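Geometric and topological summary
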Amino acid sequence: MKTIKKTSFRGEISVPGDKSISHRGIMFGAISKGTTEITNFLQGADCLSTISCFQKLGISIENKGDKVLVHGKGLHGLAAPTQVLDVGNSGTTARLISGILAGQPFPSALDGDASIRKRPMKRIFTPLSQMGAKFQCWDPDAFSGIASQCPEIGCRLAPGSCTPTGSGCAPFTIQGGGLRHIHYHSPIASAQVKSAVLLAGLYADGVTKVTEPVLSRNHTELMLSGFGAQIHSEGTTASIHPDPKLEAQAIHVPGDISSAAYFIALSLITPGSEILIQNVGTNPTRSGIIQAALSMGGNLTLLNERIVSGEPVADVLVKSSSLHGTVIEGAQIPTLIDEIPIIAIMAAFAEGTTAIKDAQELKVKESDRIAVVTENLTAMGGSITPTDDGMVIEGGSPLHAAHIQTHMDHRIAMSFQIAALNAAGETTFDDKGCAAISYPSFYEDIEKLSQPC
Ligand code: S3P
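Source: prediction; values computed, not measured.

1. Describing the site of the ligand
The environment of the ligand is formed by Ser20, Arg24, Thr92, Ser190, Ala191, Gln192, Arg217, Ile337, Asp338 and Lys365. Interatomic distance of 3.0 Å between a backbone N/O atom of alanine 191 and an oxygen atom of the ligand. The protein chains hide 95% of the 380 Å² of surface that the ligand would expose on its own. Of all the elements in the fold, those that place two or more residues in the shell around the ligand are helix 1 (19–30) and helix 7 (191–201). Along the lines of polarity and charge, the residues of the shell around the ligand split into two nonpolar, four polar and four charged. Counting contributing residues per domain, the shell around the ligand is built from domain 1 (2–16 + 254–449) and domain 2 (19–238), each supplying no fewer than three.

2. Comments concerning the nonpolar core
Core analysis: the largest hydrophobic core is formed by 66 residues, its most contacted members being Phe263, Ile277 and Met391. Counting residues per element, this core draws most heavily on helix 9 (residues 257–269), which supplies ten residues. With residues up to four places along the chain from it excluded, the contact list for methionine 391 reads Ile340, Ala344, Thr354, Ala355, Ile356, Leu362, Arg369, Ile370, Val373, Ile384, Thr385 and Pro386. Counting 65 residues, the second largest nonpolar core, distinct from the first, contains Phe54, Val68, Leu96 and Phe106.

3. Some points on helix 12 (residues 340–348)
Across the nine residues that make up helix 12, a large majority, nine, are buried. Within the sequence span of helix 12, burial applies to Ile340, Pro341, Ile342, Ile343, Ala344, Ile345, Met346, Ala347 and Ala348.

4. Here we look at the packing of aromatic side chains
Using the criterion set out here, one finds nine aromatic pairs in the structure. Relative to phenylalanine 442, the ring of tyrosine 262 lies with its centre 5.6 Å away and its plane at 75°, an arrangement referred to as edge-to-face. On the criterion of sequence distance, the pair formed by tyrosine 262 in helix 9 and phenylalanine 442 in helix 15 (residues 442–449) is long-range, its members being 180 residues apart. On the accessibility criterion, tyrosine 262 (1% relative accessible area) is buried. Relative to tyrosine 439, the ring of phenylalanine 263 has its centre 6.1 Å away and its plane inclined at 55°; by these criteria the two rings are tilted. Here phenylalanine 263, found in helix 9, pairs with tyrosine 439, found in the loop between strand 24 (426–429) and helix 15; they are 176 residues apart in sequence, far enough to count as distant. Judged by its relative accessible area of 0%, phenylalanine 263 is buried. Assessed through its relative accessible area of 0%, tyrosine 439 is described here as buried.

5. Side note on the sheet that holds strand 16 (residues 274–281)
Overall, mixed pairing links the four strands, which are arranged 2-16-18-17 in an open sheet. Both edges of this open sheet fall to strand 2 (10–14) and strand 17 (299–308), since each of them pairs with a single strand only. Taken pair by pair, the neighbouring strands of this sheet meet at an average axis angle of 15°, ignoring direction. Contacts from helix 15 reach strand 2 and strand 16 within the one sheet, and its direction differs from that of strand 2 by about 150°.

6. Describing the domain arrangement of the protein chain
Once the domains are mapped, the protein chain shows domain 1 (2–16 + 254–449) and domain 2 (19–238). Put simply, the middle of domain 1 and the middle of domain 2, counted by C-alpha atoms, are 29 Å apart. Contacts between domain 1 and domain 2 engage 24 residues on the former and 23 residues on the latter. Taking both sides of the interface into account, the surface hidden between domain 1 and domain 2 amounts to around 1900 Å²; carbon and sulfur atoms contribute 51%. Across the contact surface, domain 1 and domain 2 share three salt bridges. We note a salt bridge from glutamate 361 to arginine 123, for which the minimum N-O separation is 2.8 Å. Our count for the contact surface shared by domain 1 and domain 2 stands at twelve residue pairs in polar contact (both at pLDDT 80 or more). Taken together, the residues that form the side of domain 1 that touches domain 2 break down as nine nonpolar, seven polar and eight charged.

The rules behind these values
- Every chain's residues receive numbers from 1 upward, in the order its sequence appears when written.
- Totals for whole chains, interfaces and linings use all residues, but because this is a predicted model, local features are given only for residues with pLDDT of at least 70 and pairs of side-chain atoms are given and counted only at 80 or more.
- Hydrogens and water molecules were not included; the side-chain quantities draw on all heavy atoms of the structure.
- We call a residue near a molecule or strand whenever a single non-hydrogen atom of that residue lies within 4 Å of it.
- Polar contact is defined as a pair of N or O atoms within 3.5 Å, subject to the rule that within protein one atom must be able to donate a hydrogen and the other to accept it, and that residues adjacent in sequence are counted only when both atoms are side-chain atoms.
- To be clear on the numbers: accessible area is Shrake-Rupley with a 1.4 Å probe, and residue cover counts the displayed protein chains and nothing else.
- Helical segments are the DSSP runs of H or I of at least four residues, strand segments are the runs of E of at least two, and each set is numbered from the N terminus.
- Amino acids outside the nonpolar list (Ala, Val, Leu, Ile, Met, Phe, Trp, Tyr, Cys, Pro) and the charged list (Asp, Glu, Lys, Arg) are all regarded as polar, and Gly is one of them.
- Domain start and stop positions are those given by an automatic or database domain assignment.
- Definition used in this section: a nonpolar core is a set of buried Ala, Val, Leu, Ile, Met, Phe, Trp, Tyr and Cys residues joined via side-chain atoms within 4.5 Å.
- Relative accessibility under 20% of the residue-type maximum defines a buried residue, over 50% an exposed one, and the middle range a partly exposed one, all with a 1.4 Å probe and only protein chains included.
- Here, two residues are considered to be in contact whenever any of their heavy atoms come within 4.5 Å of each other.
- In summary, the pairing rule links any two rings of Phe, Tyr or Trp, Trp by its six-membered ring, whose centres are within 6.5 Å, and it sorts them by plane angle into stacked for under 30 degrees, edge-to-face for over 60 and tilted for everything else.
- Pairing between two strands requires that DSSP report at least two bridges joining them.
- To obtain an axis, a line is fitted to C-alpha atoms, over the contacting stretch when the element is a helix, and the angle between two such axes runs from 0 to 180 degrees between their N-to-C directions.
- We define buried area as the total accessible area lost by two parts upon association, computed with a 1.4 Å probe and summed across both.
- Within this document, salt bridges are pairs made up of a side-chain nitrogen of Lys or Arg and a carboxyl oxygen of Asp or Glu, the two lying within 4 Å of each other.

Structure (structure tokens):
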């Protein structure tokens, strides 16, 4: 669990498949007719949770490592689960699957780990309830006890066996079916909320629309359209027609720009480094890290730009650079929301001030990322002030070793690993293993690029 300063990092790397796209490939494959073949699927814990949930819904899924085969049963082919759907640490699984379950004529129960049990679900309960689905949250301790004694959903939820709560968090049950179409004006720019409503819209009685304040990632719109859904986007509004014939697809998942972000930062802040990151998804609703790095003076070039499975892809060449501070705010935020912890590290190595605004959503990610980035960067000697909607970082002072508390948040573990590789002394971590949520080979991949002293 220790990390020491390294000299430089050079070479080529391919990061694992995109997490958002991998989840959606399984989900949309499951509700399409025929066998969907997914290559470069992310074998991270979150996407494996999605596979296991759909297996519990009666879908046969073969995970062959290099590819995943989803034997879809069509829009109305899911079976009532006899076990709790365990989403693990994955908010994307919890929220998107709820949209699909809202359309099913059977009850389901959903739970996850300690972090998921704290994450807000009212944001999906609100629109999905307006469409006609019924949600009930349960006391976690009573729920787990009953789940271990009795795997049958009907028995577990027998009257009096559990305490209902108004927590708005997992564990919760969903009774779906008979949905009305709505036009939902979402108060937050969230692809998870948008996707949940659009997926429920597949089962509604008319055209369902979602308008968000700022455009969030659009993988659902792109991929569902490839499967045959009638889905249209205009500005920040997406609309979907119900009851399409969804047909299986072959999907090649691009490398995850959220994982590439760590190598972008590593190469920029470590003197003498040059890394070519191959096959990176560069969808403009996701690629804010590239604009942020450029606006900080980063030497970064996109090569070989192309379209793969409907998504823009490029190779990204990054060379070490003298960075300066920047301001990140407004419509940029959803395009780099998951990259803010690593941008904070870049900012600590940049000259001058970096301000991150309009990012209150950071508080409800796998950890409270405003608080946790502040806690750890301060411990390493960085100058950071948390704000209500982001943080302000004064860069330029050298970082030193500290003990990092990851709060079991994969993006915190990976961001501070990059910081530790550029800090004096020996940094220790409470637990680095949570990187496997989105990037199982993260530490080995860094090692491959490390140059001898
Ligand atoms: C995701 C959307 C984002 C992002 C998450 C993945 C998705 O969450 O932070 O890691 O795949 O739709 P929000 O929708 O809550 O912004």
